[in-house]
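Structural features, examined
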Amino acid sequence: MSMKKFTTLALAGLVASSVFGQQPVKTKAVATQEQISATAHNVKNQMILHDVENLSIVRANVLPTAPTVSPNGKIAAVSPVSLGSASNAFTILRQEQNQVFADENLDAVGFIHRNNASVYGGSSGNVRYDLSIDGGTTFTNDIGTLNPTLSLPARYPNAAIYNPTNNTNPLAAWLVTYTPTLGTPTWDGHFNGVSLLTQGTITPAPTEHYDFQGDSTLLPGGLVEGVSGEFWAADFLYDGADITGEITMFKGVAGSSDMTWAHAGSLFPNHNTNFDGTVYAVGPNVSFSPDGSVGWVAWLGDLVGGRDSAYQPVFSKTTDNGATWSTPVEMQLNSVAWVADSLQSLWVDSLGAPASDGRAACAFDFDLTVDGNGNPHFAVVVCTGQDYSVQSGIAKFMADVYSPDGGATWDIAYISPVLTFRTQTFGATASTVSMDNNTQIARSQDGQYIFFGWADSDTALVTGNMNGIGFGESANSAPNLRVAGLNTATWEQTYPQLVTDGDLIWEGRALLPTMAPTAISAGNGCFKLPIVIAEMPGAEPIDPTNFYYFGNDATVCAQNFCSPNSMSLAWDAFAFAGATPPCAVGVKNNVESNVVLGNAYPNPTANNAVITFELPAVNTVTIDLVNAFGQQVAVLANGEFAAGAHKVVVNTEKLASGVYFYSLRTNDQVLSKRLVVAK
């Protein structure tokens, strides 16, 4: 598709009159063409409504009462566990809220959500939770409520587990709750409380506090434990019409039977407001290292001196338990050469001209964790964009923006191609919300492994548009769940695993996936990723919404981690449910076949590189070179070769800096390795 056909999107108006709850900062208007503006993502435009529940997401079919045989041969590939329900989906829309919680030592996992008033009475502003104490195998649902007096209605709840020292009984651990509340006329303060985890009546009654009323609070994100017994959340200040740009840190300290929350300092980022005089920012989120010694707060923003009018990751760090935080730093995506060059040079229109101007930007959702070395990992979709917009039809990929050395330097790990970006507009009124890729990140308890979860649709694959992934239909209108892993000790990673694809019921219906900050070890080097997905029987997010736990299906195992040098990121390398590709796609045992593909030298290269291969007998050989998005950029060899050693030369003169994969194909096998061009 020619870039000349890309047009600026008209944003849906935010109009509604229902009385269920105000939309969050993360709710965005939906557009219908390739370039999607984030104007409605600005809090000034987001928060003008009070007591509004907007519509859209994906129009979901009602679940069948029993599985049946599908005409297309689909079968039940996943077996999610039924959780509780809420009066509507407006409890699960923010990627910065930590709504799923898990503790490996207690074998406990849970999910906090708003009340289903049509089932239990009360208000949709009451809060309940679902709990498993057998690692997610079985759950007790709709426990609560946690705020029975309901001084102010709760909206987007956060929860975490506090496990006192030496405790091994999950029912002696605390549930910590931290939630924004609605006042008059808008967001006002936070509800917080604690209670003992239970599978029955909450005894003693939960504590219930309403703090920071009148303090210009908005939507706290990233409820997480620092050092033992200290919990943190971060929030933008809000003046009733716009965020002020100031970030306030909140700290809760556990006592003998309750938790006390207080202001714990503020950040004053030097926001760039050149675009239209207002602050553009998404988040914030906060996370600490496993031992609580190092913390990071991060958001999507635009600081003075950085990339103008584009969302970039912004970070601030503490090494003294939150007493002080460093000056915020914007990580400019274009500083990583292969990112800019790939976006600009590897994607062309029908005339061969660049389809992208190479200006890297972030999509509108992200998540944050901190590994065992105290280094941040910021999961986000990297794309092309300007003026706080995303060109959704251009190349996109799931990225881990990280620092290997505590913030001295920054880099990006390529996790997966991303096909689509945002849902089509659905709903019965003019008021709409949307679902992007719902990017989530978690870590193992010790912080060695990092895990990613997101939703993506296969529209380009379905249409056969293999050489132009992202061109054509680019809306995330049939989302499936994706997961992947990264080992920070070896920098090995997994192929993206397709979890819900091929399932009779759940294919294309992975709505609003949200994941706990920590994974659960399942033994044998495998990890369960505690992920919850929404299901809307009434086909509208304004209607009662059910939730399902996918942590028993979304698993990542140590044996599936591969060296990036041996991986191919072509679409046929994706790991479908129940099947994981080997590290080198289609490779047979080299000892048996005696076909050898050598490492490129030099690698990385700024000029030419030499690739060697050996054949045990005469054979027909093709060697292709593809870019990081699976597009063929060169054929290095194609013909019949005699037995013995051979070499080919890769001429990189016309290649942009970036990650490439070269694959040797014979009649019955494929060997693949990685080449990095760094000019």
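Since the structure is predicted, the reported quantities are computational estimates derived from the model, not experimental observations.

1. With respect to the layout of surface pockets
- Space inside the largest pocket adds up to approximately 700 Å³.
- Forming the walls of the largest pocket are 37 residues, and the residues nearest its centre are D103, I161, E225, R443 and T518.
- Only β4 (100–103), β8 (158–162), β12 (221–225), β16 (282–288), β20 (360–370) and β26 (440–443) provide two or more residues apiece to the lining of the largest pocket.
- The class makeup of the residues in the lining of the largest pocket is 17 nonpolar, 14 polar and 6 charged.
- Of the pockets and cavities examined, the second largest pocket occupies roughly 470 Å³.
- Taken together, 22 residues make up the lining of the second largest pocket; nearest its centre are I412, A413, Y414, V659 and R674.
- Mapped onto the lining of the second largest pocket, the elements with two or more residues apiece are α3 (337–345), β24 (411–418), β42 (658–665) and β43 (670–677).
- Taken together, the residues of the lining of the second largest pocket break down into 16 nonpolar, 3 polar and 3 charged.

2. A short note on the sheet that holds strand β6 (residues 127–132)
- Taken in spatial order, the 4 strands line up as β4-β5-β6-β7 in an open sheet, and their pairing is antiparallel. The sheet is open, and its two borders are formed by β4 and β7 (140–144), each paired with just one other strand. Adjacent strand axes in the sheet meet at a mean angle of 25°, parallel and antiparallel pairs treated alike.
- Bridging between strand β5 (residues 108–114) and β6 involves 6 bridges; their strand directions are antiparallel. In the strand pairing of β6, G110 is matched with L131.

3. Topic: the packing of aromatic side chains
- In the structure shown here, the tally under the stated rule is 33 aromatic pairs.
- Among the aromatic side chains, those forming a connected cluster through ring pairs are F275, Y280, Y311, F364, Y388 and F421.
- Stacked on the ring of Y120, the Lys or Arg R128 has its end atom at 4.2 Å from the ring centre.
- Here R509 stacks its cationic end above the ring of W506, 5.4 Å away from the centre of that ring.

4. Side note on the sheet that holds strand β38 (residues 609–615)
- Spatially, the 3 strands line up as an open sheet ordered β37-β38-β41, and their pairing is antiparallel. Of all strands in the sheet, those with a lone pairing partner are β37 (596–597) and β41 (644–650), marking the two edges.
- Where β38 and β41 come together, 7 bridges link them in antiparallel fashion. From the neighbouring strand, T612 faces β41, where its bridge partner is K647.

Conventions we followed
Residues numbered from 1 in each chain as written. Predicted model: local features only at pLDDT ≥ 70, side-chain atom pairs only at ≥ 80, totals over all residues. Heavy atoms only, no water. 1 Å grid on protein atoms, 1.4 Å probe; cavity = no way out; pocket = protein on both sides within 12 Å on 5 of 7 lines; lining within 4 Å. Points joined across faces, edges and corners; volume = space filled by probe spheres on them. Helix = DSSP H or I, 4+ residues; strand = E, 2+ residues; numbered from the N terminus. Nonpolar A, V, L, I, M, F, W, Y, C, P; charged D, E, K, R; others polar. Pairing = 2+ DSSP bridges. Axes fitted to C-alpha atoms, helices over the stretch in contact; angles between N-to-C directions. Phe/Tyr/Trp six-rings, centres within 6.5 Å; stacked < 30°, edge-to-face > 60°. Lys NZ or Arg CZ within 6 Å of the ring centre and 35° of its normal.

Structural measurements only, silent on function.
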